[in-house]
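Examination of the molecular architecture
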Amino acid sequence: MQSVNPRDDFDMVIIGGGIIGLASAYYATFRGLRTLIIDQYGIHNDVNSSKGIERMFRLMQDNESEAHLAETSLALWMELQLATGKQLLAMDDLIFFGHRDAPMTTEGNVQQIKKTMDRMGMPYEYLDSPDAIHRRFPVFNRAALADDYVGLVQAASASINVQGAAKAFFYAAKQTGHLHVLDKHAVIGIDFHRNPLTSHRYTLHIQGEDKAISVHGKYLIACPGVWADSVLTPLGLQQTRNWKIWQMNYAYWPLKKHRPRIPVWFEFGNIDASDNGTFYGFPPLNFSPEMQNMVKMSADYTYDIFDAPSAIRPGVNDRLMEELSQHLGHLLDAEIIDATNFERVGTCLYSMSPDGKLVIGRIPTEPCSQSFYPGASMCIMESGRAFKYAPLFGRVLVELALEGKSRYQSDLEIFSPIRKGLFETPNQSRS
């Protein structure tokens, strides 16, 4: 990792040092590009969406495009794991279970996901009753499963080692000798240069703790998490008022028994077209020595929804944590956990677009335009939900910046940055 001097020139400048930014740096540096990552809080900060020790990897999706992308991402995770010699995936069964005819949520529902797997010929096990779910996984109390509950079990699923993955991308990129980092520096302005004779297209004005500097880049990747407006506004884009920040809550529970059989799980317990009633959890993992006999669980809904990062309040939501504890105390075998005895609570920021889908693609010059900034790409509104795609999205963002297209373009259309309702022109009235 090299030092950065004022007015340095870089081949690739990446805004945001979360998992997507690190994955982008990995693929850029392995192409031999002199690459700079800028992060306003520092790469190893405590305010990004990469909290805890695990994230869910799943092939099961409610549409074929995301399932195709997940299959490709699994191969790239395996490739990274072998290349770095680090355990990044703990493969395990994943069960989706819930009401047979539950309304759609941001994660789909059981029947829609089953239809997707059937169309793709993806292997899975169908559990047609709550009795079948309980027999397959006795950790779930039969009395807690509604009579119309069904389940889907998919074996090619995993828990992703969150901190291990970030370190793997970072240190592999660092070893190329092409990686530069500006920690605790915020991008306060971006100038686009249309003159084709210049060696760079973008000048980024950056404020550090003690001074301001400018750097130049030929290519630009923006993956700033929930701080997207601060980066995109200089480029003529502002997220619409329907974009929201969800502050999610999670906690870890110590196990009464040593490593009981617990799958990765997601429950579609909603009875209306909302995420209320959806919960998920992980088995005990060996990613962190002090947490080998603990399980993470969370609700997949929140009561803390904000319009801007400046409005975020610290701390977990007591109401939600009480609901989570009560539900888990009913759902899980009491001999395995004491649902009232949780610790290591935390929050995680989810960046939610109006239609619930993330955004990845080239950066349009104005809302809904098919005119794009050359040599630039972005991944936004993805916080908390794109971790499973990290290696694939890192490769895609580099492809889009360098070549203006991606090998995975047809499946990425679902995440198009020019779909309606995402952006407006800055300074439009929000009254």
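None of these values were measured; they are calculated from a predicted model.

**Brief notes about the domain arrangement of the chain**
What the domain assignment lists for the chain is domain 1 (9-49 + 163-239 + 358-424) and domain 2 (89-158 + 243-352). Counting residues at the interface gives 11 residues for domain 1 and 8 residues for domain 2. Taken together, the two surfaces of domain 1 and domain 2 that pack against each other cover about 910 Å², and 64% of this comes from carbon and sulfur. On inspection of domain 1 and its partner domain 2, the count reaches 0 salt bridges.

**Some words on the state of the cysteines**
This model, assessed by the stated rule, comprises 0 disulfides. Just so you know, cysteine 223 is unpaired, no disulfide at all, and the nearest cysteine sulfur is the one on cysteine 379, 7.0 Å from it. Exposure remark for cysteine 379: the relative accessible area of 0% places this residue in the buried category.

**Remarks on the pattern of salt bridges**
Close approach of charged atoms allows side chains of opposite charge to pair. Scanning the model with the defined rule gives 18 salt bridges in all. Note that glutamate 54 and lysine 296 form a salt bridge whose closest N and O atoms lie 3.7 Å from each other. Pair noted here: glutamate 54 is in strand β3 (residues 54-57) and lysine 296 is in strand β15 (residues 294-299), with a separation of 242 residues, a long-range link. You'll find glutamate 54 and lysine 296 in the same group, each marked buried. One salt bridge in this structure joins arginine 119 and glutamate 64, with 2.7 Å as the shortest N-O distance. Remark: glutamate 64 occurs in helix α2 (residues 64-84) and arginine 119 occurs in helix α3 (residues 110-120); sequence separation between them is 55 residues. According to the relative accessible area criterion, arginine 119 is partly exposed, its value standing at 48%.

Basis of the calculations
- Residues numbered from 1 in each chain as written.
- Predicted model: local features only at pLDDT ≥ 70, side-chain atom pairs only at ≥ 80, totals over all residues.
- Heavy atoms only, no water.
- Domains from an automatic or database assignment.
- Contact = heavy atoms within 4.5 Å.
- Buried area = accessible area lost by both parts, 1.4 Å probe.
- Salt bridge = Lys/Arg side-chain N within 4 Å of Asp/Glu carboxyl O.
- Disulfide = S-S within 2.5 Å.
- Buried < 20%, exposed > 50% of the residue type's maximum accessible area, 1.4 Å probe, protein only.
- Helix = DSSP H or I, 4+ residues; strand = E, 2+ residues; numbered from the N terminus.

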